[in-house]
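Close look at the chain arrangement
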Amino acid sequence: AMPHGNMPEFIARLQASGGGRISASCALFAILCVARGGEVRRAHWKEIEWGAEGGPVWHVPAAHMKRRKPHEVPLSPAAVRILESLPKGKPGDLIFPTPKPERESEPISDAGLLKVVQDVWQAIALEDTPAARAVVAKVVLAAQKAKSPLHALKSKKPKVIKGLDDAEVPAMTLHGTRSSFSDWAQEQTLKLGDGHQIKRFSEVEVELSLSHAVGDA
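Below you will find a few notes about this structure.

Cut-off values and rules
Here the residue numbering is sequential within each chain, running from 1 through the sequence in written order. With the structure being a predicted model, the display of local features is reserved for residues of pLDDT at least 70 and the display and counting of side-chain atom pairs for 80 or more, all residues being used for whole-chain, interface and lining totals. The basis for every side-chain value is the complete set of non-hydrogen atoms in the structure, without hydrogens or water. The pairing criterion is simple: DSSP has to find at least two bridges between the two strands. Numbering goes from the N terminus for both helices and strands, where a helix is a DSSP run of H or I of at least four residues and a strand is a run of E of at least two. Residues forming no salt bridge and having over 30% relative accessible area are the ones grouped into patches, like charges within 9 Å of each other and nonpolar side chains (Val, Leu, Ile, Met, Phe, Trp, Tyr) within 5 Å. For accessible areas, the Shrake-Rupley method is used with a probe of radius 1.4 Å. Any residue's cover is judged against the shown protein chains and nothing else. Just to be clear on terms, a salt bridge is a Lys or Arg side-chain nitrogen sitting within 4 Å of an Asp or Glu carboxyl oxygen. Buried Ala, Val, Leu, Ile, Met, Phe, Trp, Tyr and Cys residues form a nonpolar core when they are joined through side-chain atoms within 4.5 Å. Relative accessibility under 20% of the residue-type maximum defines a buried residue, over 50% an exposed one, and the middle range a partly exposed one, all with a 1.4 Å probe and only protein chains included. The contact criterion used is simple: two residues touch if any of their non-hydrogen atoms lie within 4.5 Å.

**Observations concerning the sheet that holds strand β3 (residues 71-74)**
The antiparallel open sheet is built from three strands, whose spatial order is β1-β2-β3. Strand pairing shows two members of the sheet lacking a second neighbour, β1 (48-49) and β3, which therefore form its edges. Examined bridge by bridge, strand β2 (residues 57-60) and β3 share four bridges and lie antiparallel to one another. Paired with V60 across the strands is H71, a residue of β3.

Written as structure tokens, this is what we have:
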């Protein structure tokens, strides 16, 4: 996973990337909503409640969820701006259709999402600057601490990419940004009047944001 401290830069680079507009927008929306790729790829305009109290909400149907339970995502201003930048379709239309005109009724592919994320990460991994080297070093160290194998059998997704001097660097995936969010949320604290600190978000809040099972939730 990308170290959460470097996510703002990664997002900025993704926004400025030369990747397909739909691919980059879909990836950004997924990151901002801490959503799985499949949930975003299959999202339809009718799932967005623009006039919800407190701001727009994305109602993800149970059929699109891993746990087969409906999920609600309050949309941040940044996520709303992404939707507002896209061509508006009919309620039953996909928000992120494939860019191929002859297949516009189909969602953008998982491979398309992976490619735009990997292209940005590859550019960072090959960048010969102190900042880029520091980010890559953090990712490699995190993988080593987690004892995550760089190579995995029977996997169609790349596990490593080539960095500077042909060094092997853990590949980045869209799903990995959910881990970045989890790490960030668990580190956030609030300082009390007596000087003590408490967690800003409970474990339940973090898990629900990730649409994980929590007790009977």
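Next comes the rest of the account.
**Here's the deal with a nonpolar patch on the surface**
Residues L190, L192 and I198 make up a contiguous nonpolar surface patch of roughly 230 Å² in combined accessible area. Its place among the elements puts I198 in strand β7 (residues 197-199).

**Structural notes on the nonpolar core**
Note that soluble globular proteins tend to have their nonpolar side chains buried in a common cluster. If you look at the biggest cluster of nonpolar residues, it comprises 48 residues, and the most contacted ones within it are F10, F29, W58, L75, F96 and W121. Those elements that provide at least two residues to this core are α1 (7-16), α2 (21-33), β2, α4 (77-85), α5 (110-125) and α6 (130-145). Top contributing element to this core by residue count: α2, with nine residues. Those residues in contact with F10, other than ones at most four positions away along the chain, are M2, I31, V117, V120, W121 and I124. Among the nonpolar cores identified, the runner-up in size contains five residues, and F181, A185, V206 and L210 belong to it.

Keep in mind these numbers describe shape, not what the thing actually does.
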